[in-house]
Amino acid sequence: MPELPEVEALAAFLRERAAGHTVDRIEVSAISALKTFDPPITAAAGRPITGASRHGKFLDIHIGSDAGPDLHLVVHLARAGWLHYRDSFNAKTPLKPGSGPIALRVRLDDESGFDLTEAGTKKSLAAYFVTDPRLVPGVSRLGPDALAVSAEDFAAAMRSRRGQIKGVLTDQTVLAGVGNAYSDEILHAAKMSPFALTNKITDEAMARLHAAMRTALTGAVARSVGQKAATLKSEKRSGLAVHARTGLPCPVCGDTVREVSFADTSLQYCPTCQTGGKPLADRRLSKLVR
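Because the structure is predicted, anything quoted here is derived from the model rather than measured. (Residues numbered from 1 in each chain as written. Predicted model: local features only at pLDDT ≥ 70, side-chain atom pairs only at ≥ 80, totals over all residues. Heavy atoms only, no water.)

S.K.: Where do I start with the packing of aromatic side chains in this structure?
M.R.: Within a pair of aromatic rings, the relevant descriptors are the distance that separates the centres and the angle that separates the planes. This model, assessed by the stated rule, comprises two aromatic pairs. Pairing Phe13 with Tyr85 gives two aromatic rings, centres 5.4 Å apart and planes at 85°, and the pair type is edge-to-face. Of this pair, Phe13 sits in helix α1 (residues 4-17) while Tyr85 sits in strand β5 (residues 81-86); the two residues are 72 residues apart in sequence, bridging distant segments of the chain. Taken as a pair, Phe13 and Tyr85 share a single burial class, namely buried. Through a chain of ring-to-ring contacts, three or more aromatic side chains come together here, namely Phe13, Tyr85 and Phe114. (Phe/Tyr/Trp six-rings, centres within 6.5 Å; stacked < 30°, edge-to-face > 60°. Helix = DSSP H or I, 4+ residues; strand = E, 2+ residues; numbered from the N terminus. Buried < 20%, exposed > 50% of the residue type's maximum accessible area, 1.4 Å probe, protein only.)

Next comes the structure, spelled out in C-alpha cells:
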C-alpha cells in the first residue's frame, strides 16, 4: 500500500510534471471508483492543474476554477493502487469502461497524462472530485500528520487509544500517513514489540518511537521525492529493514526476521531487536508479555 513517503513523492512528481497543464478530460473506467457526482467529473475539462499535495495517504490534485477556490481530485490508492504517468496517449482512442486495472485516466493538453490503476480483484481505490478536500470522509477523519506532529502530541495520540501499538500507529484517525510497511520499520528502529500496549509504554520509549518515526519517514521521503512514479515502488523496497523480509537476516543484529500473519495482512519484526529474543505467537492475540 502506498504510504506517506510514496504519496508525498507522487504529489511532488505531479507538481513538477503536470502542474501548469490544462486538463483535456478525465475518463472513468471503473464507475465504482468515483465516489462523488457533484461537481461532475466533466467539470475538470479545460481547467489547469495548479498543484498537488497530500493528506495522510490521500493524494490531492488541485484543479483550477474559473471562479472561487480550486477543485480537487482526491485519491486514495488503497492497497494495490498506483499512478502511471504517460508521456503520450492515443487521443483518438477513448478509455472503455472496465479497461483492466485502469480506474481513471486524466488526459492533459499536451497529450500526456496519467492513469490511476488498481491490481487484483478486490477493488478499493477511491476517487473524489470535490470543492474542498475536507468533504472527503476519510480526510475529515484524519488524525495529525505523522511528519508534522510534535513529540508531545504524538504521545497523547498514541495513548488516546488503548491497544497494541502496531494497530494504533496505523489507525489513520489517530495518526495520518503510516501504514503496514513503515510501522514495521518504525517499531524495529525503536526496538519495540508490535504488540506493546499503548498504556504501558513509558515516556522514554514513546519519545524513542516518535524519533524513530521521524527518522524513518523523513529518510523515505528524501529517497522517494525526485523519483519517477514508475520507480517509486522499487525505491521503497530497497530501504526496508524488516518489512517483507521474512527469513532474511536483520541488518542490525543478524537475527532472522520473523512474521506474524493475520487474515488479510502480516507484520515482520526482529526478535533480538524488538522482543528480547522471544518469537511472537503467530496469531492475532499473542500471549507474549509486552
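S.K.: Could you clarify how one ought to interpret the sheet that holds β5 in this entry?
M.R.: Backbone-to-backbone hydrogen bonds join strands into a sheet, with any given pair of strands oriented parallel or antiparallel. Pairing in this open sheet of four strands is antiparallel, and the strands run β1-β6-β7-β5 from one edge to the other. Each edge of the sheet is formed by a strand with only one pairing partner; in this case those strands are β1 (23-28) and β5. Between one strand and the next, the sheet's axes are offset by a mean angle of 15°, whatever the strand orientation. Judged from the five bridges that link them, β1 and strand β6 (residues 102-108) form a sheet pairing that is antiparallel. Of the residues in β6, the one forming a bridge with Arg25 is Arg107. (Pairing = 2+ DSSP bridges. Axes fitted to C-alpha atoms, helices over the stretch in contact; angles between N-to-C directions.)

S.K.: Would you mind going over the nonpolar core with me for this structure?
M.R.: Note that soluble globular proteins tend to have their nonpolar side chains buried in a common cluster. Among the nonpolar cores identified, the biggest contains 35 residues, and Leu14, Ile26, Ile63 and Leu73 are the most heavily contacted of them. In terms of residue count, the dominant contributor to this core is α1 (six residues). With residues near it in sequence (within four places) discarded, Ile26 still touches Ile41, Ala44, Ile63, Leu73, Leu104, Arg105 and Val106. Among the nonpolar cores identified, the runner-up in size contains 29 residues, and Ala146, Ala155, Ile165 and Val168 belong to it. (Core = buried A, V, L, I, M, F, W, Y, C linked by side-chain atoms within 4.5 Å. Contact = heavy atoms within 4.5 Å.)

S.K.: Would you mind going over the pairing of strand β4 (residues 71-76) with me for this structure?
M.R.: In terms of burial, β4 is a largely internal element, six of the six residues being buried. Of the two faces of β4, the one carrying Leu71, Leu73 and Val75 and the one carrying His72, Val74 and His76 are both buried.

S.K.: Got a minute to help me understand the packing of α1 against helix α6 (residues 203-224) in this structure?
M.R.: When two helices pack together, their arrangement is given by the angle between the helix axes and the distance between those axes. One way to put it is that α1 packs onto α6 with a least axis distance of 8 Å and a crossing angle of 35°. The hand of the α1/α6 crossing is right-handed. Here α1 contributes Leu4, Pro5, Glu8 and Ala9 to the contact with α6, which in turn contributes Leu217, Ala220, Val221 and Ser224. (Left-handed = near helix turned anticlockwise from the far one by under 90°.)

S.K.: Hey, could you run me through α1 in this one?
M.R.: Since one α-helical turn is 3.6 residues long, residues separated by three or four positions face the same way. Over its 14 residues, α1 extends 20 Å from the first C-alpha to the last, a length consistent with the 20 Å expected when each residue adds 1.5 Å. Along α1, 10 of the 14 residues are buried, which leaves the element largely enclosed by surrounding structure. Considered for burial, the residues of α1 that qualify are Leu4, Pro5, Glu6, Val7, Ala9, Leu10, Ala11, Ala12, Phe13 and Leu14. (Expected span 1.5 Å × (residues − 1).)

S.K.: Would you explain the pattern of salt bridges in this entry?
M.R.: When the charged atoms of two side chains with opposite charge come close together, those side chains can pair. One pass over the structure, following the stated rule, counts 16 salt bridges. Between Arg54 and Asp145 there is a salt bridge, with its nearest N and O atoms 2.7 Å apart. Within this pair, whereas Arg54 is found in strand β2 (residues 49-55), its partner Asp145 is found in the loop between α2 (137-140) and α3 (151-159), the two being separated by 91 residues in sequence. This pair shows no difference in class: Arg54 is buried, exactly as Asp145 is. Salt bridges sharing partners connect three or more residues here, namely Asp24, Arg25, Glu27 and Arg107. (Salt bridge = Lys/Arg side-chain N within 4 Å of Asp/Glu carboxyl O.)

S.K.: Would you explain the side chain of His62 in this entry?
M.R.: Position of His62 relative to the elements: it lies in strand β3 (residues 58-63). Here the side chain of His62 touches Ser53 through a polar contact of 2.8 Å, side chain to side chain. When residues no more than four places from it in sequence are discounted, the contact partners of His62 are Pro48, Ile49, Thr50, Gly51, Ala52, Ser53, Asp70, Leu71 and His72. (Polar contact = N/O pair within 3.5 Å; in protein donor to acceptor, adjacent residues only side chain to side chain.)

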